[in-house]
Amino acid sequence: MAHAPSRFVLWASLAISRCRAMPKTLRILGTFADDNLSLTKVYEVSRQMVLTVRSLLISLMALGGATPGSAGAWLQEKGSGFLSVTTTGYRPGEAVEYRSAIYAEYGLLNRLTLGLDINDRAANSGHAFAFARLPLSPPGWRNRFAIELGTGAHHTLGQTAAMHKITLSYGRNVVTGLGPGWIAADAALEYRTGIDEQIRKFDFTLGMSADRFVNPLLQIETAHVRDDVLYWTVTPALLLRGKKGMRWLIGVERRSAHPDGFGLKFGFWRDF
């Protein structure tokens, strides 16, 4: 964790520079066609090698980090914000590996939320991108819908390239046997330069919001690329109420992608 902030600053700066050099996000997101899909038979062997490497790359970065449960279809009020900082430790072998994430959003307007999503796994893979979220439903609706457009950069094994993402989100407040809570579902299409296919993601979050010291949280993330396996992450966690809008998070993460197995997740959420 001691070196994580410097990496986050580096990737945040890289994302901003990528954003400046890119065309408008909407135009890019509308041109997902990939010229490399029509390879000739002469390069079929090379193509199979690329597909094998692609599977490794997807397992390293497709499930890069959990989105905080307060995101999704809900927008921040004008002038308010949210910050999440987490780190997850794994031990797939003799050495311990860490994955760190910073997620922030700010209500620029009542109907426009801007944010930053940064994720890094031991400098081997990660991403940093900025996003804008707009509502698709009136404020008074019980069922919330929103669209999110993001653009930035990703890196894998020392290689850096652009990435773009579009997300459709659904959210709703619920009442359960454990008290009041909320559910969030996010369907995303992500394009990363260097990957032949778009990454399709679907995430689901169920959280409790009762007025008590401890509230449970469940996050399920999935990622899939055509002709590849489905990657998933399941994270049951607890949110411990702190002072001044602080909530401490502790959970257990189970992943199908590398590093597979179980990991311990710690962090905090802060409203401001």
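Values in this document were obtained by computation on a predicted structure and should not be read as measured data. (Residues numbered from 1 in each chain as written. Predicted model: local features only at pLDDT ≥ 70, side-chain atom pairs only at ≥ 80, totals over all residues. Heavy atoms only, no water.)

## Quick look at the side chain of lysine 201
Here lysine 201 lies in strand E8 (residues 199-208). Classification of lysine 201 by relative accessible area gives buried; the value is 12%. A polar contact of 3.3 Å, which involves the side chain of lysine 201, links it to the side chain of glutamate 190. (Helix = DSSP H or I, 4+ residues; strand = E, 2+ residues; numbered from the N terminus. Buried < 20%, exposed > 50% of the residue type's maximum accessible area, 1.4 Å probe, protein only. Polar contact = N/O pair within 3.5 Å; in protein donor to acceptor, adjacent residues only side chain to side chain.)

## Focus on the sheet that holds strand E10 (residues 230-241)
Taking strand neighbours around the barrel as the criterion, the 12 strands line up as E1-E2-E3-E4-E5-E6-E7-E8-E9-E10-E11-E12 in a closed arrangement whose pairing is antiparallel. Neighbour to neighbour, the strand axes of the sheet diverge by 20° on average, direction disregarded. (Pairing = 2+ DSSP bridges. Axes fitted to C-alpha atoms, helices over the stretch in contact; angles between N-to-C directions.)

## A closer look at the pairing of strand E12 (residues 261-271)
Residues in a regular strand point their side chains to alternate faces of the sheet. Sheet topology note: the strand E1 (residues 81-90)/E12 ladder contains nine bridges and is antiparallel. Bridging from a neighbouring strand, threonine 88 pairs with lysine 265 of E12. Relative to E12, strand E11 (residues 246-255) runs antiparallel, the two sharing 10 bridges. Bridging across to E12, leucine 249 finds its partner in glycine 267.

## Quick notes on the pattern of salt bridges
Within the structure shown, the criterion is met by 11 salt bridges. Ionic pairing is found between glutamate 190 and arginine 192, a salt bridge with its closest N-O pair at 2.4 Å. Taken together, the shared-partner salt bridges connect Lys165, Glu190, Arg192 and Lys201 into one network. (Salt bridge = Lys/Arg side-chain N within 4 Å of Asp/Glu carboxyl O.)

## Brief notes about the nonpolar core
In this structure, Leu217, Leu249 and Trp269 are the most contacted members of the largest nonpolar core, which totals 13 residues. For this core, the elements supplying multiple residues, two or more each, are strand E4 (125-135), strand E7 (179-192) and E10. Those residues in contact with leucine 249 that sit more than four places away from it in its chain are Leu217, Ala237, Leu238, Leu239, Lys265, Phe266, Gly267, Phe268 and Trp269. (Core = buried A, V, L, I, M, F, W, Y, C linked by side-chain atoms within 4.5 Å. Contact = heavy atoms within 4.5 Å.)

## Details of unusual backbone geometry
With a phi close to 50°, leucine 157 is a non-glycine residue in the positive phi region. Along the polypeptide, leucine 157 turns up in the loop between strand E5 (143-156) and strand E6 (159-176). For lysine 244, which is not glycine, the phi torsion reads 55° and is therefore positive. Tracing the chain through its elements places lysine 244 in the loop between E10 and E11.

## Brief notes about the confidence of the model for the protein
Detailed reading of the predicted model is not advised wherever pLDDT is low. For the protein, per-residue confidence averages 79 on the pLDDT scale, and residues scoring 70 or more make up 73% of the total. Across residues 1-67, confidence stays below pLDDT 50; counting only partners more than four residues off in sequence or on other chains, it has 117 contacts. (pLDDT = per-residue confidence, 0-100.)

## Comments concerning the pairing of E6
Strand direction decides the pairing type here: E5 and E6, joined by 14 bridges, are antiparallel. Bridge pairing links glycine 150 to lysine 165 in E6. Hairpin connection of E5 to E6: two residues between the antiparallel strands, including leucine 157 at a positive phi of 50°. Where E6 and E7 come together, 14 bridges link them in antiparallel fashion. Counted as the bridge partner of threonine 176 is glycine 179 from E7. In this structure, the hairpin formed by E6 and E7 is closed by a connection of two residues.

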